[in-house]
Amino acid sequence: MMRLQEMPLLSVEGLSRYYGERVGCRDVSFEVYPGEVLAIVGESGSGKTTLLNCISTRLEPSTGSVSYRMRDGAMRDLYRMSEAERRLLMRTDWGFVHQNPADGLRMTVSAGANVGERLMAVGERHYGRIRDTATHWLSRVEIAEDRIDDQPRAFSGGMRQRLQIARNLVTGPRLVFMDEPTGGLDVSVQARLLDLLRGLVNDLGLAAIVVTHDLAVARLLSHRMIVMKDGRVVEEGLTDRVLDDPQAPYTQLLVSSILQV
Amino acid sequence: MAVRARALSKTFCMHLQGGLELPVVDGAAFEVRAGECVVLGGPSGAGKSSILKMLYGNYAASSGEILIRHGGELVDLVAASPRLVLAIRRETLGYVSQFLRTVPRVAAVDVVAEPLVLRGANTAVARERASEMLDRLNLPQRLWQLPPATFSGGEQQRVNIARGFITDHPVLLLDEPTASLDAANRRIVIELIAEKKAKGVAQIGIFHDEEVREAVADRIIDVRGFAPARAA
Ligand SMILES: Nc1ncnc2c1ncn2[C@@H]1O[C@H](COP(=O)(O)OP(=O)(O)OP(=O)(O)O)[C@@H](O)[C@H]1O
Ligand SMILES: Nc1ncnc2c1ncn2[C@@H]1O[C@H](COP(=O)(O)OP(=O)(O)OP(=O)(O)O)[C@@H](O)[C@H]1O
Ligand SMILES: [Mg+2]
Ligand SMILES: [Mg+2]
């Protein structure tokens, strides 16, 4: 029998999404395995967010299918599940890190509650344990213990992003979606966040799909890469191979337009 | 036999230069046995690094095959999926590049320990082994906890060597590991290579330094033998 590790966790087949006449993404297929980090890169408007939203059930595809391996080993088509099943999956098995932390956090409740809330959503009721776990996760993302009762409104951009990550990882998801997780942050803050993400992904053996237009982020975080242009996949492969020996004309342009990654 | 290249070719297609075709390697064929250190020789630009990068899966081969003994099986790296290439790198294939690619905020000792940790070693044990390697390569102890980004060329290179030599990968690729080292540290690298040979590791390297090459090479393969025919 094949071990679960050797079977895909997520499988996307022939996925397209149109906005009326306009193409969001077209005929995209790929798989993600447990513990694997996949980067989706491409210029603005190439369809990265559309694709990410379609595979995370936040946006209905026009055609194609997205299947996910449930904890019992069965592969299920996400768009044939009931809404209730999908919601449970999003709460228990998945994380979603938004570019803008305000979209993924509740800005008017404390940092501790932002993390604790997710635990309660998966059934934890014991106040002491929730607070301990929240404290532990805040320290894992390098937020000082004495900030646990502060609201994220009082946090810097980098701290908010780290809090959003803690909120997403506290429930032990198997798959995390990230849309430009370091976008909008200063370079030095980005470096710290990237380093933190890299450590967490390794330690927890998470699978992740990271949308970024920053090739250095892709280099540092991902095992595999997909390059998109005009809604289509133009190249995919091992991250260092795609960056050091790009084959598609568009990937060569993308790699040559940056100083060094 | 640990590694065998057959009819291995590489042509770069430069789309930004109007699709210019740049053939750099044509029909490379060689074998490397366990315990052997083979040196790729030839002038600058002859394609030595390109061959080594294809052997690591970092450059895509245009045609041909690279058979490598991985977990008791012969696998063709050219046809392998990205996931298989990563597994081969984790278990079988080590690589010391010419320059260290630094990761922000990761301490030198952890950079060195990482390949062991990725293979499932306990972090404390891996750090201990990493410290031994750094000590052996004479990297001052005050640098161990610092990220290598600000290190000198020779210090970075020693971190890189420690990282490459720390595992017991059965195949090791070396791209000018001694280029920026002083004589004392060059001799340590020569020792490290000899120890790997004694353990049956197959090594394929590029060494510009004559003294190092003489000391480590069991055979020299002149890559000019794989030069593409020049269009007249
Ligand atoms: N809600 C929408 N209605 C109409 N068109 C849309 C909508 N959302 C996206 N599009 C279009 O779909 C295409 C892909 O957009 P998408 O947001 O997926 O790109 P992206 O790669 O994430 O870009 P960026 O890097 O700027 O975030 C674009 O042409 C965009 O204008
Ligand atoms: N990524 C690349 N894209 C385009 N051309 C490349 C690339 N990498 C190498 N080349 C070209 O391939 C040829 C062989 O280069 P390579 O680096 O393999 O030579 P080498 O024998 O290692 O030289 P040196 O001794 O100077 O390191 C050169 O003409 C080089 O410009
Ligand atoms: Mg987007
Ligand atoms: Mg070279």
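All of the points below concern the structure found in this document. (Residues numbered from 1 in each chain as written. Chains lettered and ligands numbered in written order. Predicted model: local features only at pLDDT ≥ 70, side-chain atom pairs only at ≥ 80, totals over all residues. Heavy atoms only, no water.)

Details of the site of ligand 1
Residue and element names in this part refer to chain A.
Then step 1. Looking at ligand 1, the residues that line it are Tyr19, Arg22, Val23, Gly24, Glu43, Ser44, Gly45, Ser46, Gly47, Lys48, Thr49 and Thr50.
Then step 2. Ser44 places a side-chain nitrogen or oxygen 2.5 Å from an oxygen atom of ligand 1.
Then step 3. If ligand 1 stood free it would expose 640 Å²; the protein chains cover 60% of that surface.
Then step 4. Contributions of two or more residues to the shell around ligand 1 are made by strand 2 (22–32) and helix 1 (48–55).
Then step 5. When its residues are assigned to classes, the shell around ligand 1 shows 2 nonpolar, 7 polar and 3 charged. (Near = heavy atom within 4 Å. Polar contact = N/O pair within 3.5 Å; in protein donor to acceptor, adjacent residues only side chain to side chain. Areas by Shrake-Rupley, 256 points an atom, 1.4 Å probe, with all protein chains shown as cover. Helix = DSSP H or I, 4+ residues; strand = E, 2+ residues; numbered from the N terminus. Nonpolar A, V, L, I, M, F, W, Y, C, P; charged D, E, K, R; others polar.)

Concerning the packing of aromatic side chains
Then step 1. Counting across every chain of the model gives 6 aromatic pairs over all chains.
Then step 2. Of the aromatic side chains, those joined through ring pairs into one cluster are Tyr68, Trp94, Phe96 and Phe177 of chain A.
Then step 3. Note that Arg89 of chain B overlies the ring of Tyr56 of chain B, its terminal NZ or CZ placed 4.0 Å from the centroid. (Phe/Tyr/Trp six-rings, centres within 6.5 Å; stacked < 30°, edge-to-face > 60°. Lys NZ or Arg CZ within 6 Å of the ring centre and 35° of its normal.)

Re the interface of chain B and chain A
Then step 1. Residue-level contacts link 21 residues of chain B with 26 residues of chain A.
Then step 2. With both sides pooled, the region where chain B packs onto chain A buries about 2,000 Å², and carbon together with sulfur makes up 53% of that total.
Then step 3. Remark: the boundary between chain B and chain A carries 5 salt bridges.
Then step 4. Across the pair Glu114 of chain B and Arg198 of chain A runs a salt bridge, and its minimum N-O distance is 2.9 Å.
Then step 5. Taken together, the links from chain B to chain A amount to 11 residue pairs in polar contact (both at pLDDT 80 or more).
Then step 6. By residue class, the composition of the side of chain B that touches chain A is 12 nonpolar, 3 polar and 6 charged. (Contact = heavy atoms within 4.5 Å. Buried area = accessible area lost by both parts, 1.4 Å probe. Salt bridge = Lys/Arg side-chain N within 4 Å of Asp/Glu carboxyl O.)

Focus: the pairing of strand 6 (residues 94–97) of chain A
Residue and element names in this part refer to chain A.
Then step 1. Neither face of strand 6 is left uncovered, since the one carrying Trp94 and Phe96 and the one carrying Gly95 and Val97 both have all their residues buried.
Then step 2. The sheet contact formed by strand 6 and strand 7 (residues 175–179) spans 4 bridges and is parallel. When the sheet's bridge partners are listed, Trp94 is paired in strand 7 with Leu175. (Buried < 20%, exposed > 50% of the residue type's maximum accessible area, 1.4 Å probe, protein only. Pairing = 2+ DSSP bridges.)

As for the pattern of salt bridges
Residue and element names in this part refer to chain B.
Then step 1. For the coordinates displayed, the defined rule picks out 37 salt bridges over all chains.
Then step 2. For Arg163, the salt bridge is made with Glu114, and the minimal N-O distance between the two is 3.0 Å. On the criterion of sequence distance, the pair formed by Arg163 in helix 5 (residues 153–165) and Glu114 in helix 3 (residues 108–118) is long-range, its members being 49 residues apart.
Then step 3. Here Glu114 falls in the buried class, since its relative accessible area comes to 17%.
Then step 4. Each of Arg90, Glu91, Arg119 and Asp168 takes part in one network of salt bridges that share partners.

Quick look at the site of ligand 2
Then step 1. If you check the shell around ligand 2, you find 15 residues, and the closest are Ser44, Gly45, Lys48, Ser49 and Ser50 of chain B.
Then step 2. One chain alone does not account for the residues near ligand 2; they come from chains A and B.
Then step 3. At a separation of 3.3 Å, an oxygen atom of ligand 2 approaches a polar backbone atom of Ala46 of chain B.
Then step 4. At 3.4 Å, a side-chain N or O of His208 of chain B approaches an oxygen atom of ligand 2.
Then step 5. Protein coverage of the free-state accessible area of ligand 2, which is 640 Å², stands at 68%.

Topic: the sheet that holds strand 2 of chain A
Residues and elements named next belong to chain A.
Then step 1. With antiparallel pairing, 4 strands are arranged side by side in an open sheet as 2-1-4-5. The outermost strands of the open sheet, each flanked by one partner alone, are strand 2 and strand 5 (75–77). In this sheet, neighbouring strand axes are inclined to one another by 25° on average, regardless of whether the strands run parallel or antiparallel.
Then step 2. Of the pairings in the sheet, the one linking strand 1 (residues 10–19) to strand 2 comprises 7 bridges and is antiparallel in character. Each residue of the ladder has a partner; that of Leu15, found in strand 2, is Val28.
Then step 3. Contacting strand 1, strand 2 and strand 4 (63–69), helix 1 crosses the sheet at an angle of about 125° to strand 1. (Axes fitted to C-alpha atoms, helices over the stretch in contact; angles between N-to-C directions.)

Some details on the sheet that holds strand 9 (residues 224–229) of chain A
Residues and elements named next belong to chain A.
Then step 1. Read from one edge of the open sheet, 6 strands run 6-7-8-3-9-10, paired in mixed fashion. Since the sheet does not close on itself, it has two edges, and those belong to strand 6 and strand 10 (232–238), each with one partner. Neighbour to neighbour, the strand axes of the sheet diverge by 15° on average, direction disregarded.
Then step 2. Sheet analysis places strand 3 (residues 37–42) next to strand 9, joined by 5 bridges and oriented parallel. Each residue of the ladder has a partner; that of Ala39, found in strand 9, is Met225.
Then step 3. Against the sheet, helix 10 (residues 249–256) makes contact with strand 3, strand 9 and strand 10, and its axis sits at roughly 105° relative to strand 9, the strand it touches most.

Re the environment of Leu100 of chain B
Residue and element names in this part refer to chain B.
Then step 1. Residue position: Leu100 is located in the loop between strand 6 (93–96) and helix 3.
Then step 2. On the accessibility criterion, Leu100 (13% relative accessible area) is buried.
Then step 3. If near-sequence neighbours (up to four positions away) are discounted, Leu100 is found in contact with Val111, Pro148, Gln156, Val159 and Asn160.

Comments concerning helix 4 (residues 123–136) of chain B
Residues and elements named next belong to chain B.
Then step 1. In this model, helix 4 (14 residues) spans 20 Å end to end at C-alpha, consistent with the 20 Å of a helix rising 1.5 Å per residue.
Then step 2. Turning to helix 4, its buried residues are Ala126, Ala130, Ser131, Met133 and Leu134. Each buried residue of helix 4 sits inside an arc of 165° when the element is viewed along its axis, so together they form one side. Away from its buried face by more than 90 degrees, helix 4 exposes Ala124 and Glu128.
Then step 3. Capping of helix 4 at its N-terminal end is provided by Asn122; its side-chain oxygen lies 2.8 Å from the backbone amide nitrogen of Ala124.
Then step 4. Asn138, located one to two residues past helix 4, shows a positive phi value of around 60°. (Expected span 1.5 Å × (residues − 1). Arc of directions from axis to C-beta.)

Honestly, it's all geometry; don't read function into it.
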